[in-house]
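Observations on the model geometry
Read off the chains here:
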Amino acid sequence: MQISLFITCYNDTLFPQTGKAVVSVLEKLGHSVEFRPAQTCCGQMHYNTGYQQEALPMMEHFLEVYRGAEVVCIPSSSCVAMIRDHYPKMAAASGDASIKRAVKNLLPRVFEFTELLVDHLGVTDVGAFFPHAVALHPSCHSLRSLKLGDRPAKLLGNVRGLTLVDLPNSEECCGFGGTFAIKNADVSAAMLSDKIHSLLNSGAEICAAVDNSCLMHIGGALSRQRSGMRVLHLAEILASRDGLEAAK
Amino acid sequence: MSSYVGDAADAPKFQTAAKNLVRNTQVRHNVKRATDVIRNKRAKVVAEMPDWEQLRDSGHEIKQHVMRHLDFYLEQFEKNCTAAGGTVHWARDADEANSIIVGLVKAQQAKEVIKVKTMTSDEIRLNVALEKAGITPYETDLADLIVQLGEDKPSHIVVPALHRNRMEIRQIFLDKMNLTELSDKPEDLAGAARSYLREKFLRVPVAISGANFAIADTGSICVVESEGNGRMCISLPRVLISLVGIEKIIPTFQDLEVFLQTLPRSATGERMNPYNSIWTGVTPDDGPQEFHVVLLDNGRTKVLADREARETLDCIRCGACLNACPVYRQTGGHAYGSMYGGPIGAILTPQLQSMQHSQTLPYASSLCGACYEVCPVKINIPEILVHLRGKVVENGDAPFEEKMAMKAAAWVLESPEHMDRARKLGRIAQKPFVTNGVIKHLPFGLDAWTSVRDLPAMPAESFREWWVKREKGSNG
Amino acid sequence: MSSARDEILERVRDAMGGSTANRDADYTAIPRNYVRQGSLDVEAKLELLVDRLNDYGATVFHAANGDIAAHVAVALKSRGKGSLLIPRDLPRAWLPDGFQFFREGSNYHEVDASEGVLTDCAVAIAATGSIVLRHSAGEARRALSLIPDYHLCVVFANQVVETVPEGIQQMKAFATIPITTIAGPSATADIEMIRVKGVHGPRTFDVILVA
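Residues numbered from 1 in each chain as written. Chains lettered and ligands numbered in written order. Predicted model: local features only at pLDDT ≥ 70, side-chain atom pairs only at ≥ 80, totals over all residues. Heavy atoms only, no water.

For the rest of this paragraph, the subject is the overall build of chain B. When you go through chain B residue by residue, the secondary structure sums to 21 helices and 13 strands. In terms of overall dimensions, chain B has a C-alpha envelope of 100 × 55 × 45 Å along the principal axes. Here chain B holds 476 residues, and the buried ones make up 67% of them. Contacts spanning at least 24 positions in sequence make up 75% of the contacts within chain B whose residues lie at least 6 apart. In the structure as shown, chain B presents an accessible area of about 16,900 Å², 53% of it carried by carbon and sulfur atoms. Between the averaged position of the 58 positive side-chain charges in chain B and that of its 59 negative side-chain charges there is a distance of 6 Å. (Helix = DSSP H or I, 4+ residues; strand = E, 2+ residues; numbered from the N terminus. Buried < 20%, exposed > 50% of the residue type's maximum accessible area, 1.4 Å probe, protein only. Contact = heavy atoms within 4.5 Å. Areas by Shrake-Rupley, 256 points an atom, 1.4 Å probe, with all protein chains shown as cover. Lys, Arg positive; Asp, Glu negative; His and termini not counted. Charge placed at Lys NZ, Arg CZ, Asp CG, Glu CD.)

Below, the structure is given as structure tokens:
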């Protein structure tokens, strides 16, 4: 199967190692990965901040880029939620029949990374090795929009050497919320404080998630506080064959 | 005529109010404890219900149905209430409602009124209007009494005084109830309130209430409560005035079967709250012999007209969204500048004011969706928040720097070439600030992020640059 | 110059973009897949009611039809009371000798000075422990079961339904008569979230369940 990767604007720029890990995992499973270079952004930041007009061309561009793609893989649940929850609405509001058609056509072929592995490829063991204690932070989009459920945990559960620890109050939002982290920095920080507290109480060495957006925020505090804990996107754990060294 | 919501038009921006509140250790401690208690109780009694999701669905559909036919149901309610001896008044906005109510109280030559909890009366600033007219209102809900005597503002829809601790409440009661001694034990504080209010219940001839539900097919009002002050106010005085937002209508008496299950479980985590009172018009020899309903618009028809935000009016004021909200958890209700706080407040308060004020409230959310999960009538609050943000931007009320930044970002994200250019610029600009792959401080007021968190530096090679290299390599 | 009523109704109609037709069909189409009918047998239903009543601190006395008066006496003795107010139409057969029963007084202070009140009820809902008073006949006007500090209520087994929807269904028959539902003594958690019982309304509530 030809899997088309939508790396997402922020992963492309700040977390290329997540994209490399996704490619590595999928290729090791015997699939071919393509990267359409015209890709840009799903439009979430603008849409959620109230600049819905600016998000429209980004949606149209996305639809154009992935025309004819067999399957689109996205290592970011918030971007998938944007596409799944809002593209149909935006398409309907545009009144443009071809856009509506394109959305209807493409949406069933868009998957978040763990959805792709578990649902579409039927895989829960990718043969990874990662001998560390890991706490899984269920990002809000993965929990409530995509309802990923236990897919991420199942995948981590099959990683050799990995101990998945319980995260207290795991379902509480970390406080990132996109532009919220900037516009409401004080409250964002207060929410982050509670999340860090839960993480440090969990006994984990690594905080993992399916979204680098949350991890950027959580990791930023963990590093600022010299906490001794780091963050890692789930894909990078799944790509690991030799423990933390590769991820460092 | 314009609608207003208490003092919300003068309230500081959410960010400004929140800044101080997150530093208030008592508020944060009290809010966390209160919301934890109710959250846990709610979770337990909801888990008991095998048909909870079905009840939510029906609650949602019943309310949506009412909104589709609101004109019919308002008229049906009026007809049935009038036939039973009640008098129905209509108020286009807060000032008109106040004028009607003050007039009704004055007609009794009454100098005092007792009030059952009604946030709608806070919304229209009724107490201010009454006092201006020389009428003293006595709040009888314990928390509202604490807030009133403490000359304070409510901070939660269901437990408005949760920001107070017992020592403060004791002091307020000592000062305002003319007591010489009083312990700070909750039982004794409640006992002091009981004595203070009891003589008023038995004496004051006019009461003002709100309504949880106004039932169209019978013309009845239903008040849901725990303390018994509601029962006192609606059945002992000679005259009763109920202030009812037009969205409180439900079609039939039978429909109570849904809401009387979902409201108590959501609001206080009980299978059923201690007391519900249902009455219709006037009953000879029992209770008030003069009964008035004041139906209030005050911006609700504007909300109704906005198709995408209309379901805001479905709210049954349970407060579950406040308890679930991780933002509310850090600030409490005062940050929202309105008696309607938390997620529902963030969408209701600005809309009732036609988006003229409180424009920072739709941004007081990380869009986590916890509120939507617990709402007993399934209001899609996150969706409405994003919709209202769109309105703020459309109305030109977004901050200038933000507009510029979003414009610049839209340019960057327009094409891979633009992204490339921005990346190259960024790598140069970030150089002075990077240590060990991390940026600890950004200058020129850009430090909203870095004042609290480290920021990862842009790696030297983006994903697509790596990919291109890899392709080139494999292509020989 | 249109009235407020006309203006508001017009605003409502404008907001909806013209009135929608078929309101009845629209109402009937509302999905109702929640539980509307109980499934417990009589014994289990009564057990559930008793469990809920005990849960909120009501003492339950179990009586048979012929000995209600004896149980009223037991309840009064247990609470150290010698007299109760009663509604005008309360059956005389329920009143034991050796105690005083006053037919409802006319002013609130008289009611306030009483030791308590004895009423019957209209419906009881087992799932929530709710006792429903219909304020006429045997339950009397609302003030009578509200102002006294003690409320003793007689509930017959055949008045007990399992679910809230069944309870509402029963209540429809007297929907426009004043109704009070009781599910516990008055309570507040407004002070530091600590639940305190007995703010206004009777602080003690007992039930005589007649099987």
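So, about the sheet that holds strand S7 (residues 206–209) of chain A. Residues and elements named next belong to chain A. Pairing is parallel in the open sheet, where four strands are placed in the order S6-S5-S7-S8. Each of the sheet's edge strands pairs with one partner strand only, and the pair in question is strand S6 (163–165) and strand S8 (230–233). Averaged over all adjacent pairs, the angle separating strand axes in this sheet is 35°, with direction ignored. Alignment of S7 against S8, held across four bridges, turns out to be parallel. For Ile-206, the partnering residue across the bridge sits in S8 and is Arg-230. Helix H12 (residues 212–224) contacts S7 and S8 of the sheet and is inclined by roughly 165° relative to S8. (Pairing = 2+ DSSP bridges. Axes fitted to C-alpha atoms, helices over the stretch in contact; angles between N-to-C directions.)

So, on to the interface of chain B and chain A. Reports of interface size often rely on the accessible area that becomes lost once the parts have come together. Contacts between the two partners involve 61 residues from chain B, matched on the other side by 59 residues from chain A. Taken over both partners, the interface formed by chain B and chain A buries close to 5,200 Å², and the fraction arising from carbon and sulfur atoms is 59%. Three residues, Met-406, Arg-453 and Phe-463 of chain B, lead the burial of chain B against chain A; their summed loss comes to 14% of the area buried on that side. Taken together, the links from chain B to chain A amount to 13 salt bridges. Asp-186 of chain A is the partner of Lys-19 of chain B in a salt bridge, and the nearest nitrogen-oxygen pair spans 3.1 Å. Remark: the boundary between chain B and chain A carries 34 residue pairs in polar contact (both at pLDDT 80 or more). Secondary structure elements with two or more residues in the side of chain B that touches chain A: helix H1 (14–21), helix H2 (25–47), helix H15 (328–331), helix H17 (370–374), helix H18 (381–394), helix H19 (400–412), helix H20 (416–430) and helix H21 (463–474) of chain B. Across the side of chain B that touches chain A, the residue classes tally to 30 nonpolar, eleven polar and 20 charged. (Buried area = accessible area lost by both parts, 1.4 Å probe. Salt bridge = Lys/Arg side-chain N within 4 Å of Asp/Glu carboxyl O. Polar contact = N/O pair within 3.5 Å; in protein donor to acceptor, adjacent residues only side chain to side chain. Nonpolar A, V, L, I, M, F, W, Y, C, P; charged D, E, K, R; others polar.)

Below, the discussion takes up the pairing of strand S4 (residues 206–209) of chain B. Note on strand geometry: in a regular strand, side chains alternate between the two faces of the sheet. All names here are of chain B. Here S4 shows a buried face lined by Val-206 and Ile-208 and a second buried face lined by Ala-207 and Ser-209. With two bridges joining them, strand S2 (residues 112–115) and S4 adopt parallel strand pairing. Residue pairing for S4: Ile-114 is matched across the bridge by Ala-207. In this sheet, strand S7 (residues 239–245) lies alongside S4 in parallel orientation, the contact comprising four bridges. Its bridge partner being in S7, Ala-207 is matched across the sheet by Leu-240.

Turning our attention to the packing of helix H2 (residues 16–28) of chain A against helix H7 (residues 113–120) of chain A. All names here are of chain A. Contact geometry of H2 with H7 gives a least axis separation of 12 Å together with a crossing angle of 10°. Taken together, the axes of H2 and H7 lie roughly parallel to each other. Packed against H2, whose contacting residues are Val-22, Val-25 and Leu-26, the element H7 presents Phe-113, Leu-116 and Leu-117 at the interface. Residues of the contact of H2 with H7, tallied by class, amount to six nonpolar, no polar and no charged. (Parallel < 35°, antiparallel > 145°, perpendicular 65-115°, else oblique.)

Turning our eyes to something else, we now look at the packing of aromatic side chains. Throughout the structure, instances matching the rule amount to 17 aromatic pairs over all chains. Seen in terms of ring centroids, Phe-62 of chain A and Tyr-87 of chain A are 5.8 Å apart; in terms of plane orientation they differ by 75°. Their pairing is edge-to-face. Of the two residues, Phe-62 of chain A is situated in helix H4 (residues 52–65) and Tyr-87 of chain A in helix H5 (residues 77–94); the sequence distance between them amounts to 25 residues. For the pair formed by Phe-62 of chain A and Tyr-87 of chain A, the shared burial category is buried. Their ring planes at 75° and their centres at 6.1 Å tell us that Phe-176 of chain A and Trp-449 of chain B sit as a pair that is edge-to-face. You can see Phe-176 of chain A sitting in the loop between S6 and helix H10 (180–183) and its partner Trp-449 of chain B sitting in the loop between strand S12 (438–439) and strand S13 (455–456), one on each of two chains. For Phe-176 of chain A, a relative accessible area of 15% puts it in the buried group. (Phe/Tyr/Trp six-rings, centres within 6.5 Å; stacked < 30°, edge-to-face > 60°.)

Residue and element names in this part refer to chain B. The strand order across the open sheet formed by six strands is S1-S10-S7-S4-S2-S3, and the pairing between neighbours is parallel. For this open sheet the edge positions go to strand S1 (86–91) and strand S3 (136–139), each flanked by a neighbour on one side alone. On average, adjacent strands in this sheet sit at an angle of 25° to one another, irrespective of strand direction. Alignment of S1 against strand S10 (residues 290–296), held across six bridges, turns out to be parallel. Opposite Gly-86, over in S10, you have Phe-291 as the bridge partner. Of the strands in this sheet, S1 and S10 touch helix H4 (residues 70–83), which is tilted by about 145° from S1.

Residues and elements named next belong to chain B. This model, assessed by the stated rule, comprises eight cavities of 30 Å³ or more. Taken as a whole, the largest cavity spans an internal volume of roughly 110 Å³. Together, 16 residues line the largest cavity, and Cys-325, Pro-343, Ser-365, Cys-368 and Cys-371 are the ones closest to its centre. Those elements giving two or more residues to the lining of the largest cavity turn out to be helix H16 (342–352), H17 and H18. Here the lining of the largest cavity gets three residues from one element, more than from any other, and that element is H16. Split by residue class, the lining of the largest cavity holds twelve nonpolar, four polar and no charged. What lines the second largest cavity is a set of 13 residues, and nearest its centre among them are Cys-315, Cys-318, Cys-321, Cys-375 and Pro-376. Across the lining of the second largest cavity, the residue classes tally to eleven nonpolar, one polar and one charged. (1 Å grid on protein atoms, 1.4 Å probe; cavity = no way out; pocket = protein on both sides within 12 Å on 5 of 7 lines; lining within 4 Å. Points joined across faces, edges and corners; volume = space filled by probe spheres on them.)

Taken residue by residue, the interface counts 75 residues in chain C and 93 residues in chain B. Taking both partners together, chain C and chain B bury about 7,400 Å²; carbon and sulfur atoms supply 58% of that area. Inspection of the region where chain C meets chain B yields 15 salt bridges. A salt bridge links Asp-149 of chain C to Arg-194 of chain B; the shortest N-O distance between them is 3.2 Å. Across the contact surface, chain C and chain B share 36 residue pairs in polar contact (both at pLDDT 80 or more). Among the secondary structure elements, those contributing two or more residues to the side of chain C that touches chain B are helix H1 (4–16), helix H2 (23–28), helix H3 (42–55), helix H5 (108–113), helix H6 (142–146), helix H7 (164–171), strand S9 (179–182) and strand S10 (187–188) of chain C. Here the element with the most residues in the side of chain C that touches chain B is H1 of chain C; it accounts for ten residues. Looking at the side of chain C that touches chain B residue by residue, the class counts come to 36 nonpolar, 20 polar and 19 charged. Bridge count for strand S9 (residues 275–280) of chain B against S9 of chain C is four bridges, and the pairing is antiparallel. Across the sheet, Ile-278 of chain B pairs through a bridge with Ile-179 of chain C, a residue of S9 of chain C.

Taken domain by domain, chain B consists of domain 1 (8–301) and domain 2 (411–475). Each of domain 1 of chain B and domain 2 of chain B has a C-alpha centre, and the two are 54 Å apart. (Domains from an automatic or database assignment.)

Right, let's talk about the packing of H4 of chain A against H5 of chain A for a bit. All names here are of chain A. Following both chains from N to C, one finds H4 and H5 inclined at 105°, their axes separated by 11 Å at the closest point. By the angle between their axes, H4 is roughly perpendicular relative to H5. Together, Ala-55, Leu-56, Met-58, Met-59 and Phe-62 of H4 and Ile-83, Tyr-87, Met-90, Ala-91 and Ser-94 of H5 make up the contact between the two elements. Split into classes, the residues belonging to the contact of H4 with H5 amount to nine nonpolar, one polar and no charged.

Leu-26 of chain A, Phe-173, Phe-213, Ile-221 and Leu-256 of chain B together with Ile-131 of chain C are the most contacted members of the largest nonpolar core, which has 286 residues in total. By residue number, the principal contributor to this core is H5 of chain A, which donates eight residues. Not counting residues within four places of it along the chain, the set of residues in contact with Phe-173 of chain B comprises Leu-142, Leu-145, Ile-146, Leu-149, Asn-178, Leu-179, Leu-182, Leu-189, Ala-192 and Ala-193 of chain B. The next biggest cluster of nonpolar side chains, apart from the first, holds 23 residues, and it includes Ile-124, Val-239, Ile-241 and Val-294 of chain B. (Core = buried A, V, L, I, M, F, W, Y, C linked by side-chain atoms within 4.5 Å.)

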